[in-house]
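Chain by chain, the residues:
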Amino acid sequence: QGFWLKRLYEDDERGEKTWLMKMDAGALSESHSHDEFEQFFVLDGSIQDDHGVLEVGDFVCREPGDMHAAGSEAGALVLLIYTRRDPRPRI
């Protein structure tokens, strides 16, 4: 409750999703994980998660299976990208 999703792009076959997520003020998720590699970028407001307080312009990546919770005291807008595999280039 307090989380709103706008699906911008999804390709189930390739395991790709791009969503906008709006978090209402006071929203709090229980600890959870995702099967996919997760990337998120804070567009507006701020959120609190296992990394601390994340504000506009902050970017976080999580490996599949990483447990985390998230909440927002004042509300936030976040860009979420999920992929089946880590898209970061290997050097």
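Everything in this summary refers to the structure shown in the same document. These numbers were taken from a predicted model, which means no experiment stands behind them. (Residues numbered from 1 in each chain as written. Predicted model: local features only at pLDDT ≥ 70, side-chain atom pairs only at ≥ 80, totals over all residues. Heavy atoms only, no water.)

Within this model, the largest pocket holds a volume of roughly 230 Å³. Taken together, 18 residues form the lining of the largest pocket, with Met21, His32, His34, Glu38 and Tyr82 sitting closest to its centre. Broken down by secondary-structure element, the contributors of at least two residues to the lining of the largest pocket are β1 (3-11), β2 (16-23), β4 (37-49) and β8 (76-83). When grouped by side-chain class, the residues that make up the lining of the largest pocket number ten nonpolar, four polar and four charged. (1 Å grid on protein atoms, 1.4 Å probe; cavity = no way out; pocket = protein on both sides within 12 Å on 5 of 7 lines; lining within 4 Å. Points joined across faces, edges and corners; volume = space filled by probe spheres on them. Helix = DSSP H or I, 4+ residues; strand = E, 2+ residues; numbered from the N terminus. Nonpolar A, V, L, I, M, F, W, Y, C, P; charged D, E, K, R; others polar.)

Once that is clear, we can look at the pattern of salt bridges. Think of it this way: side chains of opposite charge can pair up when their charged atoms draw near. Scanning all chains against the criterion turns up six salt bridges. A salt bridge links Lys17 to Glu36; its shortest N-O distance comes to 3.2 Å. Taken as a pair, Lys17 in strand β2 and Glu36 in the loop between β3 (27-28) and β4 lie far apart in primary sequence, 19 residues in all. In this pair, the class of Lys17 matches that of Glu36, namely buried. Between Asp49 and Arg62 there is a salt bridge, and its shortest N-O distance comes to 2.3 Å. Placement of Asp49 in strand β4 and of Arg62 in strand β6 (residues 59-62) is noted, with a sequence separation of 13 residues between them. Considered together, Asp49 and Arg62 belong to a single accessibility category, that of buried residues. Overlapping salt bridges bring together Glu38, Asp49 and Arg62 as one network. (Salt bridge = Lys/Arg side-chain N within 4 Å of Asp/Glu carboxyl O. Buried < 20%, exposed > 50% of the residue type's maximum accessible area, 1.4 Å probe, protein only.)

Let us now look at the side chain of Glu16. With respect to the helices, strands and loops of the structure, Glu16 is situated in strand β2. In this structure, Glu16 is in contact with Tyr9, Glu10, Asp11, Tyr82 and Thr83, ignoring residues within four places of it in sequence. (Contact = heavy atoms within 4.5 Å.)

So, on to the environment of Phe59. You can see Phe59 is positioned in strand β6. In sequence terms Phe59 and Asp35 are 24 residues apart; their C-alpha atoms lie 19 Å from each other. Ignoring any residue separated from it by four or fewer positions in sequence, one finds Phe59 in contact with Gln39, Phe40 and Phe41.

Read these as layout, nothing more, since geometry by itself doesn't imply function.
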